[in-house]
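# Report on the structure
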Amino acid sequence: MFEILHVKGNTYCIDTGMTYIPFYKVNQEDIILLDSGWARGERERLVELFDFHHMRVSAIINTHSHIDHAGNNAYFKSKYNCIISMSAFSASVCSSATHLKLYYNRYTISGVKKQYGDVICDTDIIIDDHQTSVLICGIKFGVLHTPGHSPGHICLITPDDVAYLGDALITDVVMTGTKLPYAFMLDDDLKSKLNLLHLKCDRYIIAHKGVVEDIKDLVQENIDYYTGRAKVLLRLITGPMTIEEILKAIVKEWNIKIQSTAKYHVVERMLRYYVEYLVETGAIEMMIDDGFLKYVRVA
């Protein structure tokens, strides 16, 4: 069974082994989940945990719409008749397979349904882009908009002054094991990480995974790590190269094993975001060479 960790007051988190899923206790039975976790590998054990502790999911507030954070939304809504709340962007992405296809545009529609279909759900309370709090089940949660990891990413602050950062930051352990950390818009992600320095809370929960009292050093470590990955990528662009040629270079450099189409899509998708960042910052530029789009370092 998954382990429940007490953080502060009515704020707890579930250690699934891979992630921390926070929740806030409304009373002895009703809880508000901050993210709902994976469908595959976590759903059955989460339900087992809730049943064992006689807890009912009354609401879910999502930090973002990725499969490991919103994968049980529709299932829990059906099982517990719970309220679902998320940012406007995340709500749009999760509203249909077609919207998911727009976000995961390298997939076929059937591929999107198979890989990410578990996040499709109806959102009851949409959090606007400039909204700084949200009232769920009579409980007020603070909202900090931190776009970058995903466009609609938000951080949530419980009434116990505990901030759930979702994937706005990653821990040292994740940095050690991740070869190319995910950032949909890396420039925005770096700005959001800096903005976290203005967030003053008593505790901070990081999805992957930890509970800390101070994030100042971790913010800088994250920024250094992400920009460091971009610098390595820039070094690997040795001449005009297509995205496939750059992909081959990073696979060799970091010994990345790609043995499925799903893994290929994930790695290629992450690579494109770093390439876009290098274009936006003026480190590389695009060109057409013999009919192909290529990227070249700016002298």
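Rules used in this analysis
Residues numbered from 1 in each chain as written. Predicted model: local features only at pLDDT ≥ 70, side-chain atom pairs only at ≥ 80, totals over all residues. Heavy atoms only, no water. Patch = residues over 30% accessible without salt bridge, like charges linked within 9 Å, V, L, I, M, F, W, Y side chains within 5 Å. Areas by Shrake-Rupley, 256 points an atom, 1.4 Å probe, with all protein chains shown as cover. Salt bridge = Lys/Arg side-chain N within 4 Å of Asp/Glu carboxyl O. Lys, Arg positive; Asp, Glu negative; His and termini not counted. Charge placed at Lys NZ, Arg CZ, Asp CG, Glu CD. Helix = DSSP H or I, 4+ residues; strand = E, 2+ residues; numbered from the N terminus. Buried < 20%, exposed > 50% of the residue type's maximum accessible area, 1.4 Å probe, protein only. Pairing = 2+ DSSP bridges. Axes fitted to C-alpha atoms, helices over the stretch in contact; angles between N-to-C directions. Contact = heavy atoms within 4.5 Å. Parallel < 35°, antiparallel > 145°, perpendicular 65-115°, else oblique. Nonpolar A, V, L, I, M, F, W, Y, C, P; charged D, E, K, R; others polar. Expected span 1.5 Å × (residues − 1). Phe/Tyr/Trp six-rings, centres within 6.5 Å; stacked < 30°, edge-to-face > 60°. Polar contact = N/O pair within 3.5 Å; in protein donor to acceptor, adjacent residues only side chain to side chain.

## Here we look at a negative patch on the surface
A surface patch of like charges, here negative, comprises D172, E213, D214, D217, E221 and D224. With respect to the secondary-structure elements, D172 resides in helix α7 (residues 172-177). For D172, a relative accessible area of 44% corresponds to the partly exposed category.

## Examining the sheet that holds strand β2 (residues 11-15)
Within a sheet, adjacent strands bond to each other through the backbone by hydrogen bonds, running parallel or antiparallel. On the basis of which strands lie adjacent, the open sheet formed by 7 strands has the order β1-β2-β3-β4-β5-β6-β7 and mixed pairing. Two strands in the sheet have a free side with no partner beyond their single neighbour: β1 (3-8) and β7 (125-127). When the angles between neighbouring strand axes are averaged without regard to direction, this sheet yields 25°. Two strands pair when backbone bridges link them, and strand β4 (residues 30-34) and strand β5 (residues 56-61) are joined in this way by 5 bridges, in the parallel orientation. Along β5, the bridge assignment pairs I32 with A59. The strands that helix α1 (residues 43-52) touches are β1, β2, β3 (20-25), β4 and β5; relative to β2, the one it contacts most, it runs at about 135°. Docked against the sheet, helix α3 (residues 73-80) engages β4, β5 and β6 (83-87), running at close to 145° with respect to β5.

## Focus on the packing of helix α9 (residues 216-236) against helix α11 (residues 261-280)
Geometrically, a packed helix pair is captured by the angle between its two axes and the distance between the axes. The interhelical angle for the contact between α9 and α11, taken along N-to-C directions, is 85°, at an axis separation of 10 Å. Between α9 and α11, the crossing angle belongs to the class labelled roughly perpendicular. Listed contacts from α11 to Y226, T227, R229, A230, L233 and L234 of α9 are L271, Y274, V275, Y277 and L278. Considered class by class, the residues forming the contact of α9 with α11 number 9 nonpolar, 1 polar and 1 charged.

## What about α9?
Helix length check: α9, at 21 residues, gives a terminal C-alpha distance of 31 Å against a target of 30 Å (1.5 Å per residue), a fit within 8%. Every buried residue of α9 is accounted for by L218, V219, N222, I223, Y225, Y226, T227, R229, A230, V232, L233 and L236. Against α7, α8 (186-195), β12 (203-206), α10 (243-253) and α11 lie the buried residues of α9.

## Observations regarding the packing of aromatic side chains
Two measures describe an aromatic ring pair: the distance that separates the ring centres and the angle between the ring planes. Throughout the structure, instances matching the rule amount to 15 aromatic pairs. Taking 5.4 Å as the distance between ring centres and 85° as the angle between the ring planes, the aromatic pair formed by Y107 and Y116 counts as edge-to-face. Here Y107 and Y116 have matching classes, each one buried. Pairwise contacts between aromatic rings join F89, Y103, Y104, Y107, Y116, Y182, F184 and Y273 into one cluster.

## A word on the sheet that holds β12
One open sheet holds the 6 strands; their spatial order is β8-β9-β10-β11-β12-β13, and the pairing between them is mixed. A single partner strand is all that each edge strand has here, and the edge strands are β8 (133-136) and β13 (210-212). This sheet shows a mean twist of 25° between the axes of neighbouring strands, independent of strand direction. Relative to strand β11 (residues 162-164), strand β10 (residues 154-157) runs antiparallel, the two sharing 2 bridges.

## Considering the environment of G282
Residue placement: G282 occurs in the loop between α11 and β14 (284-289). Its relative accessible area of 39% is what places G282 among the partly exposed residues. As a C-alpha pair, G282 and R297 span 15 residues in sequence and 8.8 Å in three-dimensional space.

## Thoughts on the pattern of salt bridges
Per the stated rule, a full pass over the model turns up 12 salt bridges. In this structure, R106 and E268 form a salt bridge, with 3.2 Å as the shortest nitrogen-oxygen distance. Residue R106 is located in the loop between α5 (97-103) and α6 (109-116), and its partner E268 is located in helix α11; the two are separated by 162 residues in the primary sequence. The partner of D187 in a salt bridge is K191, with the nearest N and O atoms 3.4 Å apart. One end of the pair is D187 and the other is K191, both in helix α8 and 4 residues apart, which spans about a single turn. Overall, the relative accessible area of 34% leaves D187 in the partly exposed class. The network of salt bridges with shared partners includes K8, D202 and R203.

## Thoughts on the side chain of N62
Relative to the assigned elements, N62 resides in the loop between β5 and α2 (67-70). On the basis of relative accessible area, N62 is assigned to the buried category, the value being 0%. In this structure the side chain of N62 is engaged in a polar contact, spanning 3.5 Å, whose partner is the side chain of D35. For N62, the side chain forms a polar contact with the side chain of N73, separated by 2.6 Å.

## Describing the packing of α10 against α11
Where α10 contacts α11, the two axes come as close as 10 Å, and the packing angle between them is 105°. Taken as axis vectors, α10 and α11 run roughly perpendicular relative to one another. Contacts between α10 and α11 involve I243, E244, I246, L247 and I250 from the first element and Y264, V267, E268, L271, R272 and V275 from the second. For the contact of α10 with α11, a count of residues per class yields 8 nonpolar, no polar and 3 charged.

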